[in-house]
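# An overview of the molecular structure
What follows is each chain in one-letter form.
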Amino acid sequence: MRIGIGYDVHKLKKGRKLIVGGVTIPHVKGLLGWSDGDVLLHAIIDAVIGAMGEGDIGRHFPSGDKTYKGISSLKLLKFVAELMRERGYAVNNIDSTVVAEEPKIAPYIEKMRKSIAECLEISPNLINIKGKTEEGLGFTGRKIGISAYAICMIHKEI
């Protein structure tokens, strides 16, 4: 068994789509980033890469590389899933938290779980997503950005 933790944060900006967990959420602002800015998928990718001992998301998908400009983070997660299979690993489970004052993510969690599970080729039951606010505190509380945390446990396949 191996375990990895991931964290990501992106600034909210008008004129961008808000994509979290591979799901487009109606909102007046979206997340700024080199890719689509999907803060949850970036945290999950970092957790999986970390569990494998393969560095971090920036090592595999450097910002500034035109290959990844505007790319869907679902594509990045699929790449990481393939890398994980090549290394002989499988996901035990993923637990994650999205920190945002708004929008509320609860109505989108099941769709996010299905989207992530499809990319990783695992059951949605192995993925947990929670939404939290910071009650007006910090950059997320002031609605300047959104952050996400993820932890992933993997095991060697036989």
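For the structure given in this document, a descriptive report is provided here. In this text, all values refer to a predicted model and were calculated from it rather than measured experimentally.

## Focus on the sheet that holds strand S5 (residues 89-99)
- With mixed pairing, 5 strands are arranged side by side in an open sheet as S4-S1-S7-S5-S6. Of all strands in the sheet, those bounded by a partner on one side alone are strand S4 (29-31) and strand S6 (127-132). When the angles between neighbouring strand axes are averaged without regard to direction, this sheet yields 20°.
- Relative to S6, S5 runs parallel, the two sharing 6 bridges. For Val-98, the partnering residue across the bridge sits in S6 and is Gly-131.

## Comments concerning helix H4 (residues 109-120)
- The end-to-end C-alpha distance of H4, which contains 12 residues, comes to 16 Å, matching closely the 16 Å that a straight helix rising 1.5 Å per residue would cover.
- Every buried residue of H4 is accounted for by Ile-109, Met-112, Arg-113, Ser-115, Ile-116, Ala-117, Cys-119 and Leu-120.

## What about the nonpolar core?
- The biggest cluster of nonpolar side chains holds 48 residues, and the ones touching the most others in it are Leu-40, Ile-116 and Ile-129.
- Among the secondary structure elements, those contributing two or more residues to this core are strand S2 (18-20), strand S3 (23-25), helix H1 (39-52), helix H3 (73-86), S5, H4, S6 and strand S7 (145-156).
- Residue contributions to this core peak at 11 residues, all from H1.

## Things to note about unusual backbone geometry
- In this structure, Pro-103 follows Glu-102 across a cis peptide bond, with omega equal to -5°.
- Looking at the element boundaries, Pro-103 is found in the loop between S5 and H4.
- The phi dihedral of Glu-135 falls on the positive side, at around 50°, and the residue is not glycine.
- Mapped onto the secondary structure, Glu-135 falls in the loop between S6 and helix H5 (138-141).
- Note on Glu-135: relative accessible area 70%, which makes it exposed.

## As for the packing of aromatic side chains
- Overall, the coordinates contain 3 aromatic pairs when judged by the stated rule.
- A ring pair is formed by Phe-61 and Tyr-68, whose centres lie 5.3 Å apart and whose planes are at 85°; its orientation type is edge-to-face. The same class applies to Phe-61 as to Tyr-68, namely buried.
- Joined through ring pairs, the aromatic side chains of Phe-61, Tyr-68 and Phe-79 make up one cluster.
- The ring of Trp-34 has Lys-69 sitting right over it, with the charged end atom 4.5 Å from the ring centre.
- The ring of Tyr-89 carries Lys-156 above its face, with NZ or CZ at 4.5 Å from the centroid.

## A closer look at the packing of H1 against H3
- Where H1 contacts H3, the axes come no closer than 10 Å and their chain directions differ by 15°. Our classification of the angle between H1 and H3 gives roughly parallel. By crossing handedness, the relation of H1 to H3 is classed as left-handed. Residues Leu-41, His-42, Ile-44, Ile-45, Val-48, Ile-49 and Met-52 of H1 pack against Ser-73, Leu-74, Leu-76, Leu-77, Val-80, Leu-83 and Met-84 of H3.
- Tallied by class, residues from the contact of H1 with H3 come to 12 nonpolar, 2 polar and no charged.

## Focus: the pairing of S5
- Here S5 lies mainly inside the structure; 9 of its 11 residues are buried.
- Sheet topology note: the S5/S7 ladder contains 10 bridges and is antiparallel. Of the residues in S7, the one forming a bridge with Ser-96 is Ala-150.
- This β-α-β element, S5 to H4 to S6, shows right-handed connectivity.

Calculation criteria
- Residues numbered from 1 in each chain as written.
- Predicted model: local features only at pLDDT ≥ 70, side-chain atom pairs only at ≥ 80, totals over all residues.
- Heavy atoms only, no water.
- Pairing = 2+ DSSP bridges.
- Helix = DSSP H or I, 4+ residues; strand = E, 2+ residues; numbered from the N terminus.
- Axes fitted to C-alpha atoms, helices over the stretch in contact; angles between N-to-C directions.
- Expected span 1.5 Å × (residues − 1).
- Buried < 20%, exposed > 50% of the residue type's maximum accessible area, 1.4 Å probe, protein only.
- Core = buried A, V, L, I, M, F, W, Y, C linked by side-chain atoms within 4.5 Å.
- Phe/Tyr/Trp six-rings, centres within 6.5 Å; stacked < 30°, edge-to-face > 60°.
- Lys NZ or Arg CZ within 6 Å of the ring centre and 35° of its normal.
- Parallel < 35°, antiparallel > 145°, perpendicular 65-115°, else oblique.
- Left-handed = near helix turned anticlockwise from the far one by under 90°.
- Contact = heavy atoms within 4.5 Å.
- Nonpolar A, V, L, I, M, F, W, Y, C, P; charged D, E, K, R; others polar.
- Right-handed = clockwise from strand over helix to strand, strands pointing away.

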